[in-house]
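Descriptive structure summary
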Amino acid sequence: MFESKTPNVEFRGKRKDDGKWIYGYYVEDREGPSILYRHPDGSLDRKKVIPKTAGQYVGIKDRHKKKVYTGDILKVYDSFLAIVENHYALQLGGSVKDFRISFDTMAEIEEFEIVGNVHENPELLSTGRW
């Protein structure tokens, strides 16, 4: 499941205009954060995103082959909640801030799946366990 120790430089963020997720390269200037992406015809476009929703692909995929981004909430071994904290670690446990685990270790676990993210599913953060 682990693809590389250096993740691809790919980001996602929720568009300001319609709230849909967009994937590509992160750009920030005087107008704020945006995602630069390529259309199927090869042309480039840029959409403004809600700043707190911008997250980086961390270089691993879950058991369903979905890319994992910062801010994702993972279910590990069908029992524990984990939040992808940054591009190299996540928080795991009953109290979300109790324990950190590296993606080198996650590559060995393999029994995890994305169940939501901190932006759309904050209710998942209140339990810490299934």
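A brief structural summary. Remember, it's a predicted structure, so these values are computed and weren't measured experimentally.

About the cut-offs
- Residues numbered from 1 in each chain as written.
- Predicted model: local features only at pLDDT ≥ 70, side-chain atom pairs only at ≥ 80, totals over all residues.
- Heavy atoms only, no water.
- Core = buried A, V, L, I, M, F, W, Y, C linked by side-chain atoms within 4.5 Å.
- Buried < 20%, exposed > 50% of the residue type's maximum accessible area, 1.4 Å probe, protein only.
- Helix = DSSP H or I, 4+ residues; strand = E, 2+ residues; numbered from the N terminus.
- Phe/Tyr/Trp six-rings, centres within 6.5 Å; stacked < 30°, edge-to-face > 60°.
- Lys NZ or Arg CZ within 6 Å of the ring centre and 35° of its normal.
- Pairing = 2+ DSSP bridges.
- Axes fitted to C-alpha atoms, helices over the stretch in contact; angles between N-to-C directions.

By size, the foremost hydrophobic cluster in this structure holds nine residues: Val58, Ile60, Val68, Leu74, Val76, Ala82, Val84, Phe112 and Ile114. Secondary structure elements with two or more residues in this core: strand S5 (55-61), strand S7 (72-76), strand S8 (80-84) and strand S11 (112-117). Within the second largest apolar cluster, five residues are counted, among which are Phe11, Ile22, Tyr37 and Val49.

Once that is clear, we can look at the packing of aromatic side chains. Taken as a whole, this structure holds three aromatic pairs when the rule is applied. Summarising the aromatic geometry, the rings of Phe11 and Tyr26 are spaced 5.5 Å apart at their centres and angled 40 degrees between planes, so their arrangement reads as tilted. Residue Phe11 is found in strand S1 (residues 11-14), and its partner Tyr26 is found in strand S2 (residues 21-29); the two are separated by 15 residues along the sequence. Feature note: the residues Tyr23, Tyr57 and Tyr69 constitute an aromatic cluster, connected by ring pairs. Over the ring of Trp21 we find Arg12; its NZ or CZ atom is 4.5 Å from the centre of that ring. The ring of Tyr57 carries the charged tip of Lys67 above its face, separated from the ring centre by 5.1 Å.

The next subject is the sheet that holds S1. Sheet architecture is open: six strands sit in the order S4-S3-S2-S1-S5-S6, paired in antiparallel fashion. The strands lining the two open edges of the sheet, one partner per strand, are strand S4 (44-48) and strand S6 (67-69). Going across the sheet, the axis of each strand differs from the next one's by a mean of 50 degrees, ignoring polarity. Summarising the sheet, S2 and strand S3 (residues 32-38) pair through five bridges and their orientation is antiparallel. For Val27, the partnering residue across the bridge sits in S3 and is Ser34.

Counting buried positions along S3 gives five out of seven residues, so the element sits mostly inside the fold. Sheet topology note: the S3/S4 ladder contains five bridges and is antiparallel. The partner of Tyr37 across the bridge, within S4, is Asp45. Between S3 and S4, which pair antiparallel one after the other, the connecting turn spans five residues, and Gly42 there sits at a positive phi close to 100 degrees.

The next thing to look at is the environment of Leu125. With respect to the element layout, Leu125 can be found in the segment after S11. Through-space distance from the C-alpha of Leu125 to that of Leu81 is 8.0 Å; in sequence the pair is 44 residues apart.

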